[in-house]
Amino acid sequence: MNVLHVLFKVDGTEYAMPAADVVQMESFTGATPVPGAPTHVAGLVQVRGRVIPVVDARVRFGLPAGTQSLDSRVVVGQLGERTVGLLVDSAREVLKLDPRTIQPPPPMVVEGAKGFVKAVAQVGPRLVMLIDFPRVVGEEAADVDGQR
């Protein structure tokens, strides 16, 4: 059975996460910085009346910070009781991925990606990295919420 995924780009690379984990996607107009937050936490944004932390995917993945554009999006995901945003360069596509096209990433990728990439899917000529959303945003979200 094919599973719906939300695709997004960070520094030209395509990433995906299950659509079931995505609450919504928002245009990014800036975040309110949080003093003392880790560098990859872009700050706080308001989404549908809720204040949520936003993790900058570029900084989290060890890439140079990008300039925000009209394409910049916050992919809002749900982690249990917590709602967390992931700032990405663009997010426009929703795609059904066949589980048979999804493979574990090569060991070298696993080490270099700090566990952020949990699988790789082949979509025609494209390779899409499936992220471990809780690992990318999880622990840091707890810091911002003050629940350690």
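Before reading further, recall that the structure is shown in the block above.
Residues numbered from 1 in each chain as written. Predicted model: local features only at pLDDT ≥ 70, side-chain atom pairs only at ≥ 80, totals over all residues. Heavy atoms only, no water.

*Asks:* Could you give an account of the side chain of H5, with specific residues and numbers?
*Replies:* When you line up the elements, H5 lands in strand β1 (residues 3-10). Only 3.0 Å separates the side chain of H5 from the backbone oxygen of V3, close enough to count as a polar contact. Excluding anything up to four places from it in sequence, H5 contacts A16, M17, P18, A19, E93, V94, L95, L97 and L130. (Helix = DSSP H or I, 4+ residues; strand = E, 2+ residues; numbered from the N terminus. Polar contact = N/O pair within 3.5 Å; in protein donor to acceptor, adjacent residues only side chain to side chain. Contact = heavy atoms within 4.5 Å.)

*Asks:* Please provide a residue-by-residue account of the sheet that holds strand β3 (residues 22-27), values included.
*Replies:* Read from one edge of the open sheet, five strands run β3-β6-β7-β5-β4, paired in mixed fashion. If you trace the sheet from one side to the other, it starts and ends with β3 and β4 (41-47), each paired once. The sheet shows a mean angle of 30 degrees between the axes of neighbouring strands, direction not considered. One ladder, built from six bridges, connects β4 with strand β5 (residues 50-56); its direction is antiparallel. Residue pairing for β5: Q46 is matched across the bridge by V51. (Pairing = 2+ DSSP bridges. Axes fitted to C-alpha atoms, helices over the stretch in contact; angles between N-to-C directions.)

Scope: geometric values only; no functional claims are made or implied.
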